[in-house]
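A structural walkthrough
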Amino acid sequence: MIDHRFTRLVILVAALSLPCGAALAGPITFNTALPVPENQGIIRGQAAVVRAGDDPSPADRSLTAVAAPSVLAYGVTSRVALFAVVPFIVHKSLDVTTPMGRVNRSATGFGDSSFFGRYTLLQVDRPGATFRIAPFAGFKAPTGEDGESDRLGRLPRPPQPGSGSWDGFLGSTLTWQKLAWEVDADGGYRFNNRDEGFEFGDAAFADASFQYRIWPRELGPGVPGFLYAVLETNVEWREKDRAGGRVDANSGGWRWFVDPGIQYVAKRYVLEAVVQLPAVQELHGNALETDYQVRAGFRWNFWLPYP
Amino acid sequence: VLRVRKIAFLSITALVTLAIARAVPAAADPPGGKAVVTVQGMACPFCAYGLEKRLKTLDGVSDVQIDLGKSEATLEFREGSTVSDEEIRQEVRRAGFTPGAIRRARDQVNERD
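This paragraph deals with the overall build of chain A. Regarding its fold elements, chain A presents one helix and 20 strands. In chain A, which comprises 307 residues, the proportion classed as buried is 54%. Considering only contacts in chain A between residues 6 or more positions apart, those separated by 24 or more positions represent 64%. Counting every atom, chain A has about 12300 Å² of accessible surface; 64% of that belongs to carbon and sulfur.

Following this line, the structure appears as structure tokens:
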């Protein structure tokens, strides 16, 4: 039973890591179609905290997860970019009330890494403005640790930092950027596979972001830093998980987040923070609902020493 | 019949003119000095840095200044530099943007994409 409850924990932790696909200036919680210049690299680091509780069941579950996904982006050509996402699970902890009393089970370590490519299919440029559409596709490799244990023994499969399965995802992202504002949107699908009898449900997702430059109000000469007010939104539908050939009735469903945030974009770095607040959570059974997610991070633009 | 011949003559003349124009190499740009290139599609500081670094890879470029509000990049050349307009345009493209007009030191528009 606890095994199934842990499923929701991993869904939340996965939600922490994959959206960190974007490494350019742009939205904070998902990918962008802005370019990675040829033979240039961008590093992105992020710290994310998820808090979930309000469990109506006697188990009175309470979840805290802190993750630090890192992203490396590399421009193969001006239209083709490769991304690697390595989520380091700093800590994830689940408290559950059992007949033996309150039990805490936690894990720490690297999560599964994701690798994907993005191709700029459409690019319409004007002075001080760009409109781009860029499909992306990739996979998640089971690089995370999946043999963690605590004082109660080996942790069940779901709370392990790694899922153990090879999973694929694809989608497309759109960016319309002007000097004063930027609009981004994406949509996609994640295909999750089975490993040792357990399979997370597939997921479809859609995101949108609006960024408005609040400082400087008037552009001076050169390249001033931009301070953006950010409002993003994320919708995800996930089908039910399967364990041992049976469908878990307490998994999957809809989640919709609204995310106010702020972002400072300079020439060589970006600083950003966002709070993801649940607007609607239509989850199946007694799946654990998210209270909030907080993300804060940086991006650093670096240059490889050869042309 | 005369009308057909006239159209054929004009078409052939246009094709030959186009072929000659493409075959003749562009005149060499003057060495040294500055060049200002209009960059389309650049709308944030983080993107501007990528362009700056790409333009600095050009042999003979001593400095690059970006003006985001004007959508322009100004290149300063070392003495004896022979960087061509096409090389500048190529680096703008490699940065992920679309090159526009290029003005050399005497504010003369050399070429427009």
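Here the focus is the interface of chain B and chain A. With 27 residues of chain B in contact, the opposing surface of chain A contributes 41 residues. Carbon and sulfur atoms supply 61% of the area that chain B and chain A bury against each other, a total of about 2600 Å² over both sides. The largest share of the area that chain B buries against chain A comes from Pro 45, Phe 46 and Tyr 49 of chain B, three residues that together contribute 29% of it. Here Glu 52 of chain B and Lys 267 of chain A are joined by a salt bridge, their closest N and O atoms 2.8 Å apart. Taken together, the connections running from chain B to chain A amount to 14 residue pairs in polar contact (both at pLDDT 80 or more). When residues of the side of chain B that touches chain A are traced back to their parent elements, those giving at least two are strand 1 (34-40), helix 2 (45-56), strand 2 (61-67) and helix 3 (85-94) of chain B. Considering each element in turn, the side of chain B that touches chain A owes the most residues, nine residues, to helix 2 of chain B. In terms of residue class, the side of chain B that touches chain A is built from 13 nonpolar, eight polar and six charged.

All names here are of chain B. Judged from the five bridges that link them, strand 1 and strand 3 (residues 72-77) form a sheet pairing that is antiparallel. Paired with Val 37 across the bridge in strand 3 is Ala 73. In this sheet, strand 3 lies alongside strand 2 in antiparallel orientation, the contact comprising six bridges. Within strand 3, the residue paired with Asp 67 across the bridge is Glu 72. In this structure, the hairpin formed by strand 2 and strand 3 is closed by a connection of four residues, where Ser 71 is found at a positive phi of approximately 60°.

All names here are of chain B. In this model, helix 2 (twelve residues) spans 17 Å end to end at C-alpha, consistent with the 16 Å of a helix rising 1.5 Å per residue. Counting buried positions along helix 2 gives ten out of twelve residues, so the element sits mostly inside the fold. Among the residues of helix 2, those classed as buried are Pro 45, Phe 46, Cys 47, Ala 48, Tyr 49, Gly 50, Leu 51, Glu 52, Arg 54 and Leu 55.

All names here are of chain A. Overall, the coordinates contain eleven aromatic pairs over all chains when judged by the stated rule. On the basis of an interplanar angle of 35° and a centroid distance of 5.9 Å, the ring pair of Phe 139 and Trp 166 is categorised as tilted. Here Phe 139, found in strand 7 (residues 129-141), pairs with Trp 166, found in the loop between strand 9 (153-154) and strand 10 (167-178); they are 27 residues apart in sequence, far enough to count as distant. The exposure class assigned to Phe 139 is partly exposed, which follows from its relative accessible area of 36%.

Time to look at unusual backbone geometry. Residue Pro 216 of chain A is bonded to the preceding Trp 215 of chain A through a cis peptide linkage, with omega at -5°. Its place among the elements puts Pro 216 of chain A in the loop between strand 14 (203-215) and strand 15 (226-238). Non-glycine residue Glu 196 of chain A carries a positive phi angle of around 50°. Topologically, Glu 196 of chain A is positioned in the loop between strand 12 (194-195) and strand 13 (198-199). In this structure Glu 196 of chain A comes out as exposed when scored by relative accessible area, which is 69%. A positive phi angle is found at Ser 71 of chain B, which is not glycine, with a value near 60°. Its location among the elements puts Ser 71 of chain B in the loop between strand 2 and strand 3.

Cut-offs used in this document
- Residues numbered from 1 in each chain as written.
- Chains lettered and ligands numbered in written order.
- Predicted model: local features only at pLDDT ≥ 70, side-chain atom pairs only at ≥ 80, totals over all residues.
- Heavy atoms only, no water.
- Helix = DSSP H or I, 4+ residues; strand = E, 2+ residues; numbered from the N terminus.
- Buried < 20%, exposed > 50% of the residue type's maximum accessible area, 1.4 Å probe, protein only.
- Contact = heavy atoms within 4.5 Å.
- Areas by Shrake-Rupley, 256 points an atom, 1.4 Å probe, with all protein chains shown as cover.
- Buried area = accessible area lost by both parts, 1.4 Å probe.
- Salt bridge = Lys/Arg side-chain N within 4 Å of Asp/Glu carboxyl O.
- Polar contact = N/O pair within 3.5 Å; in protein donor to acceptor, adjacent residues only side chain to side chain.
- Nonpolar A, V, L, I, M, F, W, Y, C, P; charged D, E, K, R; others polar.
- Pairing = 2+ DSSP bridges.
- Expected span 1.5 Å × (residues − 1).
- Phe/Tyr/Trp six-rings, centres within 6.5 Å; stacked < 30°, edge-to-face > 60°.

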